[in-house]
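Each chain, written out:
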Amino acid sequence: CWGYGEDGQLGKATSKTIFAPSTPVTSGDSLIGPFLTFRSIQLGRTYGCGVSVAKQLYCWGRVNGNLVQAVPTAVTFTPPTTVNTVATGERHHCMTTPSGLAYCTGTNDEGELGNGTTTTAANYAAVAPRPLLLPLESTWSTVSAGSLHSCGMPRYAGAGTVKPFCWGFNSSGQIGNTSTTTQLTPTAVALPLLVTELDSTSLVVGAAHSCAIVSASTSLSSPTGSVLCWGSNGYGQLGTAVAFTSTSFSNVAVAAAPLLTFTSLTAGEYHTCGVTTTGQAYCWGRNSSGQLGDGTLTNTSTPVLVGGALTWRSLAAGELFTCGVAGTVTSGGTTAGAGTIYCWGDNEYGQLGTGTSSGNSNPLRTPQRVSFQP
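Numbers given to residues run from 1 along each chain, matching the order in which its sequence is written. In keeping with the predicted nature of the model, local features appear solely for residues at pLDDT of at least 70, side-chain atom pairs appear and are counted solely at 80 or more, and the whole-chain, interface and lining totals rest on all residues. To obtain the side-chain values, all non-hydrogen atoms of the structure were used and water was disregarded.

K.L.:
Help me get a handle on the sheet that holds strand E21 (residues 300–305), residues and values and all.
P.N.:
Pairing in this open sheet of four strands is antiparallel, and the strands run E18-E19-E20-E21 from one edge to the other. On the outer flanks of this sheet lie strand E18 (262–267) and E21, each paired with one strand and no other. Going from strand to strand, the sheet's axes swing by 20° on average, the running direction of each strand aside. In this analysis, strands are considered paired if DSSP registers two or more bridges between them. The helix count covers DSSP runs of H or I at least four residues long, the strand count covers runs of E at least two residues long, and both are numbered beginning at the N terminus. Under this scheme, a helix contributes an axis fitted over its contacting stretch, all axes are lines through C-alpha atoms, and angles between N-to-C directions fall in the 0 to 180 degree range.

Structure representation (structure tokens):
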């Protein structure tokens, strides 16, 4: 890890900011040796969480504004359980179990934990069952956490429309249920006509917007592989080419030209990015720090190509910066071989990993290779 570390979010025994990846962590650094091996990691504003290969949840940093855990610390549950996925929001996070149950913890001022209350939870609280619409299945495939709202994708039950459910703050329509009313429990997102399924692995959540990839559709305006977004659009993060002040309260907005077919998405606070089947990266929304990677500082409400002529396998967006793994793409958008990490945008705290830092007045507008990679 690299970048701002004063809250322990880098997972090092000494909480400090570093400008490039450190050498491999030793058992002395981690205090728990031998080395932890992870299947996935997620970062919030002041903390990080990861799921180990053994499906144990670990978190580090200032979690929920409280104790600083400078090194990865195992999260225990009652009763004990293994974890399948974890999703970190600004001040709350959620996880799913291998059986598909969802739990959230942290601040809950606007119902972002989805348990029917607005009470902050120090321990993990079960997400309330969603309405029993088709398919008749109450488990979750993935959950994503934003600033004050969360979204989840049901597990596919083999019949009926597959749509996301969202809960929490809804002032900008980020729940996607045709209203602006805060929802304390999972509420179905309204899909456009002729769109019947969204891809469960692509659901992403920003500060006040949400997006997913269409996986089954007979709609000409929202074909399979296109992106749908809903919620706040103050910086163009919905990608709909409409005015920056517009929001999408009712239904969802198409967020890419039909000619672009996407395989994965990521959402920052006010920008969105995606990788296409050919390995190209496109971003849209806020660009005040060059986080769109197109060489400019201009906000855009339509997708722009990330510069550098690289082929991408995945992307991850922060508040004012974006990182990605470049690698060889084979047919269908899959990748082969080792990848190389690049970052672009704001580098005030060395979060681009180049070995130096630069203020907001001098952001790096195109992909930069992260230092000390093989």
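K.L.:
I'd love a proper account of the pattern of salt bridges, names of residues and values included.
P.N.:
Basic side-chain nitrogens of Lys or Arg form a salt bridge, by our definition, when they fall within 4 Å of a carboxyl oxygen of Asp or Glu. This model, assessed by the stated rule, comprises four salt bridges. For the salt bridge of Glu-90 with Arg-45, the shortest nitrogen-to-oxygen distance reads 3.3 Å. You can see Glu-90 sitting in the loop between strand E5 (85–88) and strand E6 (92–96) and its partner Arg-45 sitting in the loop between strand E1 (38–43) and strand E2 (47–52), a full 45 residues away along the chain. Among the residues examined, Arg-45 registers a relative accessible area of 43% and is labelled partly exposed. Across the salt bridge formed by Asp-109 and Arg-91, the nearest N and O atoms sit 3.7 Å from each other. In this pair, Asp-109 sits in the loop between strand E7 (102–106) and strand E8 (121–126) while Arg-91 sits in the loop between E5 and E6, placing the two residues 18 residues apart along the sequence. Note on classification: 1.4 Å probe, protein chains only; a residue is buried when its accessible area is under 20% of the maximum for its type, exposed when over 50%, partly exposed between these limits. A relative accessible area of 45% means that Asp-109 is categorised as partly exposed. Given the relative accessible area of 39%, Arg-91 is considered partly exposed.

K.L.:
Outline the state of the cysteines, supporting the account with residue identities and numerical values.
P.N.:
In this description, a disulfide is simply a cysteine sulfur pair whose atoms lie within 2.5 Å. Scanning the model with the defined rule gives six disulfides in all. Two residues share a disulfide in this structure: Cys-94 and Cys-104, whose sulfurs sit 2.1 Å from each other. Linking Cys-94 and Cys-104, the disulfide has an S-S dihedral of approximately 105° and is accordingly described as right-handed. Here Cys-94, found in strand E6, pairs with Cys-104, found in strand E7; they are 10 residues apart in sequence, far enough to count as distant. Relative accessible area serves as the criterion here: at 0%, Cys-104 is assigned to the buried category.

K.L.:
I'd like a rundown of the packing of aromatic side chains, residues and numbers included.
P.N.:
Classification of ring pairs rests on two measures: the distance between centres of Phe, Tyr or Trp rings, Trp counted by its six-membered ring, which must be within 6.5 Å, and the angle between planes, read as stacked under 30 degrees, edge-to-face over 60 and tilted in between. Counted according to the given criterion, the structure contains 11 aromatic pairs. Relative to Tyr-270, the ring of Tyr-235 lies with its centre 5.1 Å away and its plane at 45°, an arrangement referred to as tilted. Taken together, the positions of Tyr-235 in the loop between strand E16 (227–231) and strand E17 (248–254) and Tyr-270 in the loop between E18 and strand E19 (271–276) put the pair 35 residues apart, joining distant regions of the chain. Where Trp-312 meets Tyr-342, the ring centres are 6.0 Å apart and the plane angle is 80°; that geometry is what we call edge-to-face. Of this pair, Trp-312 sits in strand E22 (residues 312–317) while Tyr-342 sits in strand E24 (residues 335–345), placing them 30 residues apart in sequence. In this structure Trp-312 comes out as buried when scored by relative accessible area, which is 1%. For Tyr-342, a relative accessible area of 17% gives the class buried. Feature note: the residues Phe-38, Tyr-58 and Trp-60 constitute an aromatic cluster, connected by ring pairs. Stacked on the ring of Trp-140, the Lys or Arg Arg-130 has its end atom at 5.0 Å from the ring centre. Directly above the aromatic system of Phe-165 lies the positively charged group of Arg-130, at a separation of 5.5 Å from the ring centroid. Counted as over-ring charges are cases with an Arg CZ or a Lys NZ within 6 Å of the ring centre that also lie within 35 degrees of the ring normal.

K.L.:
Could you give an account of the layout of surface pockets, with specific residues and numbers?
P.N.:
Here the second largest pocket defines a volume of roughly 510 Å³. Grid spacing is 1 Å over the protein atoms alone, the probe is 1.4 Å, and a cavity is where that probe fits but cannot get out, while a pocket is an open set with protein on both sides within 12 Å along at least five of seven lines and lining residues have an atom within 4 Å of a point. Lining the second largest pocket are 24 residues, with Val-75, Thr-76, Phe-77, Asn-123 and Tyr-124 sitting closest to its centre. Going through the elements one at a time, strand E4 (68–74), E6, E7 and E8 are the ones with two or more residues in the lining of the second largest pocket. Grouping the constituent residues of the lining of the second largest pocket by class yields 12 nonpolar, 12 polar and no charged. Grid points are joined across faces, edges and corners, and a volume is the space filled by probe spheres set on the points. Ten residue types, Ala, Val, Leu, Ile, Met, Phe, Trp, Tyr, Cys and Pro, are classed as nonpolar, four, Asp, Glu, Lys and Arg, as charged, and the remainder, Gly among them, as polar.

K.L.:
Outline the nonpolar core, listing residues and values.
P.N.:
Cys-166, Val-195, Leu-198, Leu-203, Leu-228 and Trp-230 are the most contacted members of the largest nonpolar core, which has 15 residues in total. Where this core is concerned, the elements lending two or more residues are strand E10 (149–154), strand E13 (195–198), strand E15 (209–217) and E16. For this analysis, residues touch if any pair of their heavy atoms sits within 4.5 Å. When residues no more than four places from it in sequence are discounted, the contact partners of Cys-166 are Ser-150, Cys-151, Gln-174, Ile-175, Thr-185, Pro-186, Thr-187, Val-189 and Trp-230. We define a nonpolar core as any set of buried Ala, Val, Leu, Ile, Met, Phe, Trp, Tyr and Cys residues linked to one another through side-chain atoms lying within 4.5 Å.

K.L.:
Kindly report on the environment of Thr-300, identifying the contributing residues and their values.
P.N.:
Among the secondary structure elements, Thr-300 is positioned in strand E21. Overall, Thr-300 belongs to the buried group, its relative accessible area being 11%. Measuring from C-alpha to C-alpha, the distance between Thr-300 and Trp-284 comes to 5.6 Å, with 16 residues separating the pair along the chain. Contacts of Thr-300, omitting those with residues within four sequence positions, involve Tyr-235, Gly-236, Phe-244, Cys-283, Trp-284, Gly-285 and Leu-292. Under the rule applied, a polar contact is a pair of N or O atoms within 3.5 Å (in protein, one hydrogen donor and one hydrogen acceptor; residues adjacent in sequence only if both atoms are side-chain atoms). From its side chain, Thr-300 meets the backbone oxygen of Thr-302 in a polar contact 2.9 Å long.

K.L.:
I'd like a rundown of the pairing of E10, residues and numbers included.
P.N.:
Among the six residues in E10, six count as buried, and that is most of the element. The side-chain alternation of E10 yields two buried faces, one formed by His-149, Cys-151 and Met-153 and the other by Ser-150, Gly-152 and Pro-154. Pairing geometry for strand E9 (residues 140–145) and E10, over five bridges, is antiparallel. Pairing of Val-143 across the sheet is with Gly-152, part of E10. Hairpin connection between E9 and E10: a loop of three residues separates the two successive antiparallel strands. With four bridges joining them, E10 and strand E11 (residues 165–168) adopt antiparallel strand pairing. Looking across to E11, one finds that Gly-152 is bridged to Phe-165.

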